[in-house]
Amino acid sequence: MDAILLQVLNGLDKGGAYALIALGLTLIFGTLGIVNFAHGALFMIGAFCAVSFNKLLTFSIKVKDESITFFDAYKEVPYLEVWWGDTGKAIIDYSVPLSILIAIPVMLLVGIIMERGLIRHFYKRTHADQILVTFGLAIVLQEIIKHFFGANPIPQSAPEIVAGSAAIGTWLGLSDNLVYPWWRLIYLGFSLSVIAAVFAFLQLTTFGMVVRAGMHDRETVGLLGINIERRFTIVFGLAAVVSGLAGVMYTPILPPDYHIGMEFLVLSFVVVVVGGMGSLGGAVSAGFLLGILQSFASMNEIKSLIPGIDQIIIYLVAVVILLVRPRGLMGRKGVME
Amino acid sequence: MSKKDLSVEYSTILIFALAILTMPIWLSPIGAGYPDLLQKFVIYGIFAVGFNILFGLTGYLSFGHAAFLGIGSYATVWSFKLLGMNVIPAVIFSIILAGSFAALIGYITLRRSGIYFSILTLAFAQMCYNLAYSVLTPITNGETGLRVLKTDPRIFDHLFGRGQVDGPLLTDLFGIHMTGYPGFYFCAILLIITYYIAMRIKRSPFGMMLKAIKSNQTRMNYTGFNTRPYLQTAFIISGMYAGLAGSLLAITDPLAGAERMQWTASGEVVLMTILGGVGTSLGPVLGAGLIKYFENIFSSYNDNTLHAALSFMPDWLNDVLTIIISPFVGSGWHLTLGALFMIIIIFLPGGIMEGMGRIIQIFKPNKPGGSTKTASQG
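Residues numbered from 1 in each chain as written. Chains lettered and ligands numbered in written order. Predicted model: local features only at pLDDT ≥ 70, side-chain atom pairs only at ≥ 80, totals over all residues. Heavy atoms only, no water.

Caption draft 1: Local environment of the overall build of chain B. Within chain B, the secondary structure is distributed over 18 helices and four strands. The C-alpha atoms of chain B give a radius of gyration of 22 Å, which matches the 21 Å a tight globule of 378 residues would have. Seen through its principal axes, chain B has C-alpha atoms that stretch 70 × 70 × 40 Å. When the 378 residues of chain B are sorted by exposure, 51% land in the buried category. If you sum the accessible surface of chain B, you get close to 17000 Å²; carbon and sulfur atoms cover 68% of it. Both charge centroids of chain B, one from 23 positive and one from 16 negative side chains, sit 18 Å from each other. (Helix = DSSP H or I, 4+ residues; strand = E, 2+ residues; numbered from the N terminus. Rg over C-alpha atoms; globule rule 2.2 N^0.38 Å. Buried < 20%, exposed > 50% of the residue type's maximum accessible area, 1.4 Å probe, protein only. Areas by Shrake-Rupley, 256 points an atom, 1.4 Å probe, with all protein chains shown as cover. Lys, Arg positive; Asp, Glu negative; His and termini not counted. Charge placed at Lys NZ, Arg CZ, Asp CG, Glu CD.)

Given below as structure tokens:
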């Protein structure tokens, strides 16, 4: 029981990342009809927003180390600490959650520039062209990041207060051995709330209503005198923000390097296909589902039964789904079958 | 096929063969006249020609062709290990193995078209890559890569009394070592043969069917025509080409690693085909050559060599240019590749062949009507 619950939890945080990226992919595909292979790069840019924010905060000055009295020793102290003492220290400690504030405008800008500058010209081209140009863009973005940040993963730390593990077993009255890192729990909660926010935005606001109408029948909405193109641009920005935030919050779990996006992209595409192209709910549920499946497949008991299953389970599921139910788990009839 | 067409075809292949075989001569002025690089040109040419049979003729964009390249390489190294260092069984073994994998993967992936096909092939390639890295380590030797050892059985070598070799083990074709220029000529002859086959396929009724599938598959289906066997055959053929290319890679350098199967490698062959011109016969070979040439040139530069290369300019200009260009060369070669990818797709979707067609159009006197046919369609 413990083991099962632990695997479910393990799957949920990775599933949260898949779900967020897949949500963005589906939004873009549903509104603009674009197959965006550069979406993983957006995830990566988000992660590097956190990295560069942290670098900015820990901009240091050399100060004489008072604790060593034998000789003149110097240590690096961040400016923030010099200026504000403990407050500065706390700000640095919370750099990952704080970088969300930076990431939102940055990602929105990146998304809108991408859409206006490049994607816009590819609406009428074939899907193959769209795939190829966004693939090229993904390579370019990732190489630019590599140029500035190097090829090695850059570890980021979660705030001190949530560094330990949560005693989930004790809460639920199960064994005390069942513990789970706080930050992963936070990530799960965060991804769920972002998903909820996106759905609320689409369901409850007028803007969202127009967008949904546009997803359904773009032409008619245009005929009603609504500038659907502009709204879709904002949707693209929104999708960029969603996957960027997924990247920001994922940095303490997995140290980001320049090709983190590619790894997530391939899996997220599989998630979108399994969930059903153009179905937002499908993308989210398939994201969590595949995350959990993957974590179950990496259990030692199952690995010894079928070696290597943890590496291929997601792809295997995708193949089976596409063959048995081509439109995906929750795909609607007639949408990109 | 009329007699005139046939003679055109023969002269084309003759010119092509001449151009390929004399490559060491006419490429040496631009610094590409050494066998290692020439082998790469030719091998990736085969890969791209094969890819073009699928993507160029049917329009099915596979993002997983590197898997077949990797399978071909592994099969070749295993043939060396078990049977001996002769290349003939290795090549045959690789082509058959890659072909059968293509049959299996094609059977599943070709049920879908469009982006689904791309994603499915991508999924399969990633699956092969992950397996090669993890569970299949006994077969693929994981990260280290598979290589031939002196202690391997090599049955035929021992049978013919060539089991004991001093110095490194070299692949051979009846005593001729497949390194340097002999290796290049071996690959070149295979390229010419495969190019001829691809040309024939394109002009055959089978090729016409593939092109019809590209232009309107639904209509083909409605006329009561089952397109699946044709697609399947095209997929297998292009898989075999990829297997052959992988095999040649392992022949010229008997080491097979899993990174050859990564999806960026699949992306590279797509780029080669597109850069040259999708659907044209010559385009993919041109594209492959160009990409490999630039890769070689660009990645050999670093800041110092760049500075030296630009030393004919005034100092300040030299410094500025070095700063601008340096991210694109050396380890930043992939940046150039990605940018090239985008530029080609945005401005010249038909690739170099279309570009040449356009240039020819400019200089041609305007014929009244009917001169819109560009190279990319031909």
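Let us keep going from here.
Caption draft 2: Here's a closer look at the overall build of chain A. Helix and strand counts for chain A stand at 15 helices and four strands. Its C-alpha atoms give chain A a radius of gyration of 22 Å, near enough to 20 Å, the size a compact globule of 337 residues would have. Projecting the C-alpha coordinates of chain A onto the three principal axes gives extents of approximately 80 × 50 × 35 Å. The burial tally for chain A puts 52% of its 337 residues in the buried class. Intrachain contacts of chain A at a sequence separation of at least 6 include 72% that bridge at least 24 residues. Surface exposure of chain A reaches about 15000 Å², of which carbon and sulfur atoms provide 65%. In chain A, which carries 21 positive and 22 negative side-chain charges, the distance between the mean positions of the two groups comes to 12 Å. (Contact = heavy atoms within 4.5 Å.)

Caption draft 3: Quick peek at the interface of chain B and chain A. Facing the 35 residues of chain B at the interface are 39 residues of chain A. Contact with chain A buries area across many residues of chain B, yet B:Ile115, B:Tyr116 and B:Trp263 alone supply 19% of it, more than any other trio. Connecting chain B to chain A are zero salt bridges. Listed by contribution, the elements that provide at least two residues to the side of chain B that touches chain A are α6 (114–133), α13 (263–276) and α17 (333–347) of chain B. With twelve residues, the single largest contributor to the side of chain B that touches chain A is α6(B). (Buried area = accessible area lost by both parts, 1.4 Å probe. Salt bridge = Lys/Arg side-chain N within 4 Å of Asp/Glu carboxyl O.)

Caption draft 4: Expanded view of the packing of helix α4 (residues 66–82) of chain B against helix α5 (residues 87–109) of chain B. Residues and elements named next belong to chain B. Between α4 and α5, the least distance of the axes is 8 Å, while the angle of their chain directions is 145 degrees. Our pair here, α4 against α5, has a crossing hand that is right-handed. Of α5, the residues touching α4 (which contributes Phe68, Ile71, Gly72, Ala75, Thr76, Ser79 and Phe80) are Val87, Pro89, Ala90, Phe93, Ser94, Leu97, Ala98, Phe101, Ala102 and Ile105. Its residues placed into classes, the contact of α4 with α5 shows 13 nonpolar, four polar and no charged. (Axes fitted to C-alpha atoms, helices over the stretch in contact; angles between N-to-C directions. Left-handed = near helix turned anticlockwise from the far one by under 90°. Nonpolar A, V, L, I, M, F, W, Y, C, P; charged D, E, K, R; others polar.)

Caption draft 5: Quick look at the packing of aromatic side chains. All names here are of chain A. According to the stated counting rule, one finds 22 aromatic pairs over all chains in the structure shown. Aromatic side chains Tyr18 and Phe264 sit 5.8 Å apart centroid to centroid with 55 degrees between the ring planes, which places their arrangement in the tilted category. Here Tyr18 is found in helix α1 (residues 2–32), whereas its partner Phe264 is found in helix α12 (residues 260–275), with 246 residues between them in sequence. The residues Tyr18 and Phe264 share a single accessibility class, namely buried. (Phe/Tyr/Trp six-rings, centres within 6.5 Å; stacked < 30°, edge-to-face > 60°.)

Caption draft 6: Highlighting the side chain of B:Glu268. Residue and element names in this part refer to chain B. Positionally, Glu268 belongs in helix α13. Of the residues examined, Glu268 reaches a relative accessible area of 14% and is grouped as buried. When near neighbours in sequence (up to four residues on either side) are disregarded, Glu268 contacts Tyr44, Ile291, Lys292 and Glu295.

Caption draft 7: Representation of helix α9 (residues 206–216) of chain A. All names here are of chain A. Here α9 has its buried residues at Gly208, Val210, Val211 and Gly214. Projected onto a plane normal to the axis of α9, the buried residues spread over an arc of 160 degrees and lie on a single side. Among the exposed residues of α9, those pointing more than 90 degrees away from its buried face are Thr206 and His216. (Arc of directions from axis to C-beta.)

Caption draft 8: A look at the side chain of A:Gln142. Residue and element names in this part refer to chain A. In this structure, Gln142 sits in helix α6 (residues 127–149). Residue classification places Gln142 among the buried positions, given a relative accessible area of 10%. Gln142 has contacts with Met44, Tyr258, His259 and Met262, leaving out every residue within four places of it along the chain.

Caption draft 9: Looking closely at the packing of α9(A) against helix α11 (residues 228–250) of chain A. Residue and element names in this part refer to chain A. Where α9 meets α11, the axes come as close as 10 Å, and the angle between the chain directions of the two elements is 105 degrees. As far as their axial angle goes, α11 and α9 are roughly perpendicular. Contacts between α9 and α11 pair Phe207, Val210, Val211, Gly214 and Met215 from the former with Ile228, Arg231, Phe232, Ile234 and Val235 from the latter. Considered class by class, the residues forming the contact of α9 with α11 number eight nonpolar, one polar and one charged. (Parallel < 35°, antiparallel > 145°, perpendicular 65-115°, else oblique.)

Caption draft 10: Seen up close, the pattern of salt bridges. Residue and element names in this part refer to chain A. Enumeration over the complete set of coordinates arrives at eleven salt bridges over all chains. Put simply, Glu229 and Arg116 hold a salt bridge, and the shortest N to O gap is 3.8 Å. Separated by 113 residues along the polypeptide, Glu229 in helix α11 and Arg116 in helix α5 (residues 95–117) bring together distant segments of the chain. Given the relative accessible area of 33%, Glu229 is considered partly exposed.

Without other data, these values stay purely geometric and don't point to any function.
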